[in-house]
Number of protein chains: 2
Amino acid sequence: MRISALAEATGVSVATLKYYLREGLLHPGAVRSRTQADYDETHVERVRLVRALGDVGGLDLATIRRVLATIAEPDVERVGILGAAQRSLLGEAFVEIDDAPGELDPDSPSRARRFAAARGWRIDPRDPVLDDLDAAWDACDAAGIGVDEARMSAYADATETVAEVDVASVPREPAAAVRQVVLGTVLVDPVLAALRRLAHQHVAVSRETPPS
Amino acid sequence: MRISALAEATGVSVATLKYYLREGLLHPGAVRSRTQADYDETHVERVRLVRALGDVGGLDLATIRRVLATIAEPDVERVGILGAAQRSLLGEAFVEIDDAPGELDPDSPSRARRFAAARGWRIDPRDPVLDDLDAAWDACDAAGIGVDEARMSAYADATETVAEVDVASVPREPAAAVRQVVLGTVLVDPVLAALRRLAHQHVAVSRETPPS
């Protein structure tokens, strides 16, 4: 199909498609003439994926580019599936972990590390997501919404259930597994955020007026 | 304190503080002279809150302004606590719901509405978050990560647990309740996202090498 048909099939303007081509987010079409190229279903799929990661997943272009590169050529041998996924999502913040992970320190100055250690979570103490958790927890404190250890434990129980479902859905084949882990990490967050808001409505209404 | 001391106390530059003052995100200090104003602890708290909502919560300035306005003067009488919270977060997309909510249609063309109806969730069918869930679910499909009804149900079970914890933490006094609901909705999402990624690590490691 011509680029105009690709635009129609995806609902993305020709100008934006040309931008994706220039930025390498979309692979070139088959050259038909000096000014025309031919696009196929793989292009339709790729454009939909870029839109999903940007519009729904909220990723910026640099991260989308890293995610697409990881899916295309997962470096599974070296860093494992979660490592490949984490690297494509965290970018600069990714810590290259070649040696065996250390142990979480139950007396760490980091509240997230103490919490994870107390739960018995087996996580590399250098994992930068632990710093994200510290920042997010501090932001709750700064806003005056108390998230104490008990409430954090309840949240951790719920997310452990979610993680079990996530991990169970990962296919065995390494390239497909990386794809599932990377895309699932980004795209299921908005699903969970929407479900949480809907559950708020349901729980609040049910408390006020129990079903008869 | 002078504006320079406020900058030091919050780690936010004087230029940014002046911008917050101009944009009405920060209330004016007490006037001391034609060129000087005096700031206090309420300003420190407010700056920390604006940073938390923007940097961690990912809200844009227009939404932060609405959130702050809602907390300052919650219109609880008219729309209820969840209504006030939702309106400040959703802005334009907020549907003014004055009449009694309808029932979810189990044959709705919207997959999110069919799903919520099948779960027995008591949610107004006009709630725009249902459209968010449709969009997020479609994005998973577009990316080729299959989230079927069973997986969505497992996610919904987990978020219902989270919502129970959230709702239980809401204080009785209406203004404090609005504050807790609005800020908790925004600021706990990043906590849950970080916990989910950490739980992925833990679950994956535990499957590979069960604890001895």
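Structural data are supplied above this passage.
Residues numbered from 1 in each chain as written. Chains lettered and ligands numbered in written order. Predicted model: local features only at pLDDT ≥ 70, side-chain atom pairs only at ≥ 80, totals over all residues. Heavy atoms only, no water.

Examining the packing of helix α1 (residues 3–10) of chain B against helix α2 (residues 14–23) of chain B
Residues and elements named next belong to chain B. Where α1 meets α2, the closest approach of the two axes is 9 Å, and the angle between their N-to-C directions is 105 degrees. It follows that α1 is roughly perpendicular to α2 by the angle criterion. Here Ile-3, Ser-4, Leu-6 and Ala-7 of α1 come into contact with α2, specifically with Val-14, Leu-17, Lys-18 and Leu-21. Among the residues forming the contact of α1 with α2, the class breakdown is 6 nonpolar, 1 polar and 1 charged. (Axes fitted to C-alpha atoms, helices over the stretch in contact; angles between N-to-C directions. Helix = DSSP H or I, 4+ residues; strand = E, 2+ residues; numbered from the N terminus. Parallel < 35°, antiparallel > 145°, perpendicular 65-115°, else oblique. Contact = heavy atoms within 4.5 Å. Nonpolar A, V, L, I, M, F, W, Y, C, P; charged D, E, K, R; others polar.)

As for the packing of aromatic side chains
Two numbers describe a pair of aromatic rings. These are the distance of the centres and the angle of the planes. Residue and element names in this part refer to chain A. Inspection of the entire model under this criterion finds 4 aromatic pairs over all chains. Between Tyr-19 and Tyr-20 the ring centres are 6.5 Å apart and the planes differ by 50 degrees, which places this aromatic pair in the tilted class. Classification of Tyr-19 by relative accessible area gives partly exposed; the value is 30%. Exposure remark for Tyr-20: the relative accessible area of 6% places this residue in the buried category. Centroid distance Phe-115 to Trp-137: 5.8 Å. Interplanar angle 85 degrees. Geometry classified as edge-to-face. Of this pair, Phe-115 sits in helix α6 (residues 111–119) while Trp-137 sits in helix α7 (residues 129–142), placing them 22 residues apart in sequence. Since its relative accessible area comes to 1%, Trp-137 is described here as buried. In this structure, Arg-111 packs its charged tip against the face of Trp-137, placed 4.2 Å from the ring centre. (Phe/Tyr/Trp six-rings, centres within 6.5 Å; stacked < 30°, edge-to-face > 60°. Buried < 20%, exposed > 50% of the residue type's maximum accessible area, 1.4 Å probe, protein only. Lys NZ or Arg CZ within 6 Å of the ring centre and 35° of its normal.)

Thoughts on the relation of the copies chain B and chain A
Its rotation angle being 180 degrees, the transformation that places chain B on chain A also includes 0.0 Å of axial translation and leaves an RMSD of 0.0 Å. On this basis, the relationship between the two copies can be described by a two-fold rotation axis. Among all residues of chain B, the minimum C-alpha distance to the rotation axis is found for Ala-158 of chain B, at 2.5 Å. (Least-squares fit on C-alpha atoms with pLDDT ≥ 70 in both.)

So, the packing of helix α4 (residues 61–72) of chain A against helix α9 (residues 174–208) of chain A
In helix packing, the relevant descriptors are the interaxial angle and the interaxial distance, both defined with respect to the helix axes. Residue and element names in this part refer to chain A. At a minimum axis separation of 9 Å, α4 and α9 run at an interaxial angle of 160 degrees. What the angle tells us is that α4 and α9 run roughly antiparallel. The crossing of α4 and α9 is left-handed. The segment α4 lies against α9, with Val-67, Thr-70 and Ile-71 engaging Val-178, Arg-179, Val-182 and Leu-183. (Left-handed = near helix turned anticlockwise from the far one by under 90°.)

Examining α6 of chain A
Arg-111, Ala-112, Arg-113, Phe-115 and Ala-116 of chain A are the residues of α6 of chain A that are buried. Each element contacted by the buried residues of α6 of chain A is listed here: α7 and α8 (149–168) of chain A together with α9 (174–208) of chain B. At the exit of α6 of chain A stands Gly-120 of chain A, carrying a positive phi of roughly 80 degrees.

Observations concerning the interface of chain B and chain A
Listed by partner, the interface residues are 71 residues for chain B and 71 residues for chain A. By the criterion of area lost to chain A, the three top residues of chain B are Arg-122, Arg-196 and Leu-198 of chain B, representing 12% of everything that side buries. Taken together, the connections running from chain B to chain A amount to 8 salt bridges. The salt bridge involving Asp-166 of chain B is made with Arg-151 of chain A; its shortest N-O contact spans 3.9 Å. At the junction of chain B with chain A, the criterion picks out 19 residue pairs in polar contact (both at pLDDT 80 or more). Among the elements of the structure, α3 (41–56), α5 (76–90), α7 (128–142), α8 (149–168) and α9 of chain B are those that each provide at least two residues to the side of chain B that touches chain A. Of the residues forming the side of chain B that touches chain A, the biggest block, 26 residues, is contributed by α9 of chain B. A per-class count over the side of chain B that touches chain A returns 44 nonpolar, 14 polar and 13 charged. (Buried area = accessible area lost by both parts, 1.4 Å probe. Salt bridge = Lys/Arg side-chain N within 4 Å of Asp/Glu carboxyl O. Polar contact = N/O pair within 3.5 Å; in protein donor to acceptor, adjacent residues only side chain to side chain.)

Concerning the side chain of Arg-196 of chain A
By the secondary structure assignment, Arg-196 of chain A is in helix α9. Only 3.0 Å separates the side chain of Arg-196 of chain A from the backbone oxygen of Thr-185 of chain B, close enough to count as a polar contact. Those residues in contact with Arg-196 of chain A, other than ones at most four positions away along the chain, are Thr-159, Val-162, Ala-163, Asp-166, Gly-184, Thr-185, Val-188, Asp-189 and Leu-192 of chain B.

Here we look at the environment of Leu-59 of chain B
Residue and element names in this part refer to chain B. By the secondary structure assignment, Leu-59 is in the loop between α3 and α4 (61–72). On the basis of relative accessible area, Leu-59 is assigned to the buried category, the value being 19%. Measuring from C-alpha to C-alpha, the distance between Leu-59 and Leu-21 comes to 18 Å, with 38 residues separating the pair along the chain. Discounting chain neighbours no more than four positions away, the residues touching Leu-59 are Leu-53, Gly-54, Ile-64, Val-67 and Val-186.

Looking at the environment of Ala-5 of chain B
Summarising the element assignment, Ala-5 of chain B is placed in helix α1. In the structure, Ala-5 of chain B is positioned 34 residues away from Tyr-39 of chain B in sequence and 8.7 Å away in space, judged by C-alpha atoms.

Looking at the pattern of salt bridges
Summed over the entire model, instances satisfying the criterion amount to 28 salt bridges over all chains. With its nearest N and O atoms 2.7 Å apart, the salt bridge here joins Glu-23 of chain B to Arg-65 of chain B. Residue Glu-23 of chain B is located in helix α2, and its partner Arg-65 of chain B is located in helix α4; the two are separated by 42 residues in the primary sequence. Residue Glu-23 of chain B is classed as partly exposed on the basis of its relative accessible area, which comes to 31%. One network of salt bridges, in which partners are shared, links Arg-151, Arg-196 and Arg-197 of chain A together with Asp-166 and Asp-189 of chain B.

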